[in-house]
Amino acid sequence: MAKLRLDDMSIEDVRKLYNKMFSDLIDKDTLDKIYNEYLEKYNRMKQAEKDGYTAPSGMGRRYNYLKNLLYGWYIEDLFYILIKKNPMVLSVEMTGNDSEHTFIYDDVEKKISIAGSKTTIPDYLITMKDNSKVYLELKTAAAEVYSIKIGNVKQLQKTMGSTNIYSMIIMIDLVNELYDIKDMKFFKNSFPFVNQRMEGQLCYDFPAPSKKFSQIMEEDFSSYIDKEMFSIEEVVKYRCLAIAEKNKDKKMIKDIKNKISLDELYNEFKFQKNEFEKKMDSLIEKSPNINSKTWNDILEDLNN
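Remember, it's a predicted structure, so these values are computed and weren't measured experimentally. (Residues numbered from 1 in each chain as written. Predicted model: local features only at pLDDT ≥ 70, side-chain atom pairs only at ≥ 80, totals over all residues. Heavy atoms only, no water.)

Our focus in this paragraph is the nonpolar core. Counting residues in each nonpolar core, the largest one holds 74 residues, and the members touching the most others are Tyr18, Phe22, Phe79, Ile126, Ile216 and Phe221. Looking at which element gives the most residues to this core, the answer is helix α3 (residues 63-84), with 13 residues. For phenylalanine 79, the residues in contact, after removing those within four places along its chain, are Phe22, Tyr124, Leu138, Ile170, Ile172, Phe213 and Ile216. By size, the runner-up hydrophobic cluster in this structure holds 6 residues, among which are Tyr238, Ile253, Ile256 and Ile260. (Core = buried A, V, L, I, M, F, W, Y, C linked by side-chain atoms within 4.5 Å. Buried < 20%, exposed > 50% of the residue type's maximum accessible area, 1.4 Å probe, protein only. Helix = DSSP H or I, 4+ residues; strand = E, 2+ residues; numbered from the N terminus. Contact = heavy atoms within 4.5 Å.)

Here strand β2 (residues 103-106) shows one buried face, formed by Phe103 and Tyr105, and one open face, formed by Ile104 and Asp106. The pairing of β2 with strand β3 (residues 111-114) spans 4 bridges and is classified as antiparallel. Looking at the pairing, tyrosine 105 lines up with isoleucine 112 of β3. Adjacent in sequence and paired antiparallel, β2 and β3 are bridged by 4 residues, among which lysine 110 carries a positive phi angle near 55 degrees. (Pairing = 2+ DSSP bridges.)

For the rest of this paragraph, the subject is the environment of glutamine 215. Tracing the sequence through the fold places glutamine 215 in the loop between β11 (211-212) and α6 (233-246). Among the polar contacts made by the side chain of glutamine 215, one reaches the main-chain amide nitrogen of lysine 212 at a distance of 2.8 Å. (Polar contact = N/O pair within 3.5 Å; in protein donor to acceptor, adjacent residues only side chain to side chain.)

As a further point, take the confidence of the model for the protein chain. Low pLDDT means the predicted coordinates in that region are not meant to be read closely. On average, the protein chain scores 90 in pLDDT, and the residues at 70 or more come to 96%. Predicted confidence in the protein chain is weakest over strand β9 (residues 193-195), with a mean pLDDT of 82, and strongest over β11, with 97. (pLDDT = per-residue confidence, 0-100.)

Attention now goes to the packing of aromatic side chains. Following the criterion strictly, the structure yields 14 aromatic pairs and no others. Geometrically, the ring pair formed by phenylalanine 22 and phenylalanine 79 is edge-to-face, given 5.6 Å between the ring centres and 90 degrees between the ring planes. Taken together, the positions of phenylalanine 22 in helix α1 (residues 11-22) and phenylalanine 79 in helix α3 put the pair 57 residues apart, joining distant regions of the chain. The ring centre of tyrosine 35 lies 4.2 Å from the NZ or CZ of arginine 15, which sits over that ring. (Phe/Tyr/Trp six-rings, centres within 6.5 Å; stacked < 30°, edge-to-face > 60°. Lys NZ or Arg CZ within 6 Å of the ring centre and 35° of its normal.)

In this section: the sheet that holds β11. Hydrogen bonds between backbone groups are what pair the strands of a sheet, and the pairing can be parallel or antiparallel. Within the open sheet, the 6 strands sit side by side as β1-β4-β5-β7-β8-β11. Their pairing is mixed. The open sheet is flanked by β1 (89-94) and β11, the only strands paired with a single partner. In this sheet, strand β7 (residues 166-173) lies alongside strand β5 (residues 133-141) in parallel orientation, the contact comprising 8 bridges. Paired with glutamate 137 across the strands is isoleucine 169, a residue of β7. Strands in contact with α3 are β1, β4 (124-128), β5 and β7; relative to β1, the strand with the most contacts, it is inclined by about 165 degrees. Here helix α4 (residues 150-163) sits on the sheet and contacts β5 and β7; the angle it forms with β7, its principal contact strand, is near 150 degrees. (Axes fitted to C-alpha atoms, helices over the stretch in contact; angles between N-to-C directions.)

With that out of the way, let us pick up the pattern of salt bridges. Counted according to the given criterion, the structure contains 16 salt bridges. Residue glutamate 137 pairs with lysine 139 through a salt bridge whose shortest N-O separation is 3.3 Å. For glutamate 137, a relative accessible area of 12% puts it in the buried group. A relative accessible area of 21% means that lysine 139 is categorised as partly exposed. Two residues, glutamate 219 and lysine 211, come together in a salt bridge whose shortest N-O distance is 2.7 Å. Accessibility expressed as a relative area gives 7% for glutamate 219, which makes it buried. Three or more residues are tied together by salt bridges with common partners; here these are Glu12, Arg15, Lys28 and Asp32. (Salt bridge = Lys/Arg side-chain N within 4 Å of Asp/Glu carboxyl O.)

Right, dumping it as structure tokens:
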């Protein structure tokens, strides 16, 4: 099996998939309890769909977007249990903007929204027994294609700047039942690309995961922390913004936000320039002599 389409799957299909992955790691009663919680949420969502409730767009996917979100929350809860089993972990909290894992139904307007305020905080806050802390953002891949949107990396940078807590991404390979973790140092040394699979958004390549799910219970999350990453510009600018917001300095907030926007504009230009040069070099390589000629030169060659 090389590909999964979660939005084509029923909640029972997902239960079978996830139970197969976690049955050796989580006891049956706990698996059943979590499934029943999501079955209730799934049935409520399906009823709302029948009743014509408006769903959030999610790049036009609407109810397929809600299904993917629901199944993502489901596996977040399962990994939460595995992280708690790690003997080096003192505590783990669900901290993402959708950490309530709940849809809100407006029966008057007949529309659905997602519980929680919009933040840039990752999914888990993990405190180790040595009192070190890390944030962990969970991403899943269901088609053996691993990529991270540039906006997700900016969120990690902002989290590190505003909280002074190291932040990382865990990629879950649902097809091969593997995971891997990458921190800010990895993305600092990476270059984004235009990902046509994600509507042309800029993304970073993520290496194919190689660790078994059971290994999350042995991870020393503090070993990923690289304090030098708190000093890179991509993090420092958000620390400046956090301090200005704490001081309620409106002028500095405005100036800092404008400087952040200027940085992003410059980086976008640098990326486009690099892509332009790569395309030019590719064309010149195919016809190395033609670039130095004018159209009149070419016409003369043809007439001779």
